[in-house]
Structure formats: C-alpha cells, structure tokens
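# Fold and contact review
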Amino acid sequence: MEVYLDARAVRQIRVSAQEAMEEDDTESLREDILEAFSEEQVEEIERRLDSGDLFEFLTDVLDEWSGEDIEELFELLETQLGEYGIDLKTENKSEEEDDDEEEEEDDDEEEPVGEVLEDDYFDD
C-alpha cells in the first residue's frame, strides 16, 4: 500500500518537528503527523498495524527519534511503516512552491529608481 503526503502536510510536519526540537515536546508533533493523513489512510494503516492504533505507533516512532534531525524523523516513519507493507511517499516541494520562490527572488532584486533617460536626451 502506498501512502502519499502532499507538500503542505510535509511542510506542517517539518514546522511542528522544529517546534518539538526547540521545546522538547513531541505531543503536538504526534497530533500534526496524525492529521497529515486522511481518514481513509489512517483506517488502512491501522488495519495493518499490530496494535491497530496509529496514535500509539506514532508515539513509538517519536520515542525512537533522536529529536535532533527532521530528516531522521521522516526516515523513521518510512522505515517503520515499511515494516507493515506501507510505502510512505512525500512531496518535498510542489511546482507551486517553486513558482512562489522564483517570484520572491525576483522581488528581492533592486528596481531602478527614477526615469530611464534615453541616450539622445543628453546633448553632446
């Protein structure tokens, strides 16, 4: 079974994980990860888990996580879910985000101030 998390869900997990690292509290992170999955995904995952409880599964994953590296968290999720035949796919960047970043970069460039004068404006 394949489970897909879109860029918005991945971004939310990353933000929550950063906060968890800063505050040394994973409760909100666990809830945010759980909310990243659709109801159908949660039901299918829980059918495959020994415990039948995704919340408990996430608690175990977060207990194993060092709390120091967000990529490690995603790797743990992928590995642990993989043991139950669940292939976690994440979208790290969407095309929409790429477009937004390009626009932001363009906005950072300095715009000329004042009028642009033609060469023939000046008398030789």
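Here is a short report on the structure shown in this document. Small disclaimer: the values here were computed from a predicted structure and weren't measured.

### Digging into the overall build of the protein chain
Assigned secondary structure in the protein chain consists of six helices and two strands. Looking at the protein chain as a whole, 29% of its 124 residues are labelled buried. Long-range pairs, those at least 24 residues apart, make up 63% of the contacts in the protein chain between residues at least 6 apart in sequence. For the protein chain, the exposed area adds up to about 8900 Å²; of that, 38% sits on carbon and sulfur atoms.

### Observations regarding the pattern of salt bridges
Taken as a whole and judged by the stated rule, the model has four salt bridges. Here glutamate 44 ties to arginine 48 by a salt bridge, and the two come within 3.2 Å at their closest N and O atoms. Residue glutamate 44 and its partner arginine 48 are located together in helix α3 (residues 39–48), separated by four residues, close to a single helical turn. Classification of glutamate 44 by relative accessible area gives partly exposed; the value is 22%. Put simply, aspartate 87 and lysine 89 hold a salt bridge, and the shortest N to O gap is 3.3 Å. In this structure lysine 89 comes out as partly exposed when scored by relative accessible area, which is 34%. A single salt-bridge network, built from bridges that share partners, covers Glu44, Arg47 and Arg48.

### A few points about unusual backbone geometry
Generally, phi is negative for residues other than glycine and the peptide bonds are trans, each holding for most cases. The phi dihedral of aspartate 24 falls on the positive side, at around 55 degrees, and the residue is not glycine. Checked against the element boundaries, aspartate 24 lands in the loop between α1 (7–23) and α2 (27–36). You can call aspartate 24 exposed: its relative accessible area is 72%.

### A look at helix α5 (residues 70–82)
The first and last C-alpha atoms of α5 sit 18 Å apart over 13 residues, in line with the 18 Å expected at 1.5 Å per residue. When we look at burial in α5, the residues that qualify are Ile70, Leu73, Phe74, Leu76, Leu77, Gln80 and Leu81. Projected down its long axis, α5 shows its buried positions confined to an angular sector of 155 degrees, all on one face. Among the structural elements, α1, α2, α3, α4 (54–64) and β2 (87–90) are those in contact with the buried residues of α5.

Quick notes on the rules
- Residues numbered from 1 in each chain as written.
- Predicted model: local features only at pLDDT ≥ 70, side-chain atom pairs only at ≥ 80, totals over all residues.
- Heavy atoms only, no water.
- Helix = DSSP H or I, 4+ residues; strand = E, 2+ residues; numbered from the N terminus.
- Buried < 20%, exposed > 50% of the residue type's maximum accessible area, 1.4 Å probe, protein only.
- Contact = heavy atoms within 4.5 Å.
- Areas by Shrake-Rupley, 256 points an atom, 1.4 Å probe, with all protein chains shown as cover.
- Salt bridge = Lys/Arg side-chain N within 4 Å of Asp/Glu carboxyl O.
- Expected span 1.5 Å × (residues − 1).
- Arc of directions from axis to C-beta.

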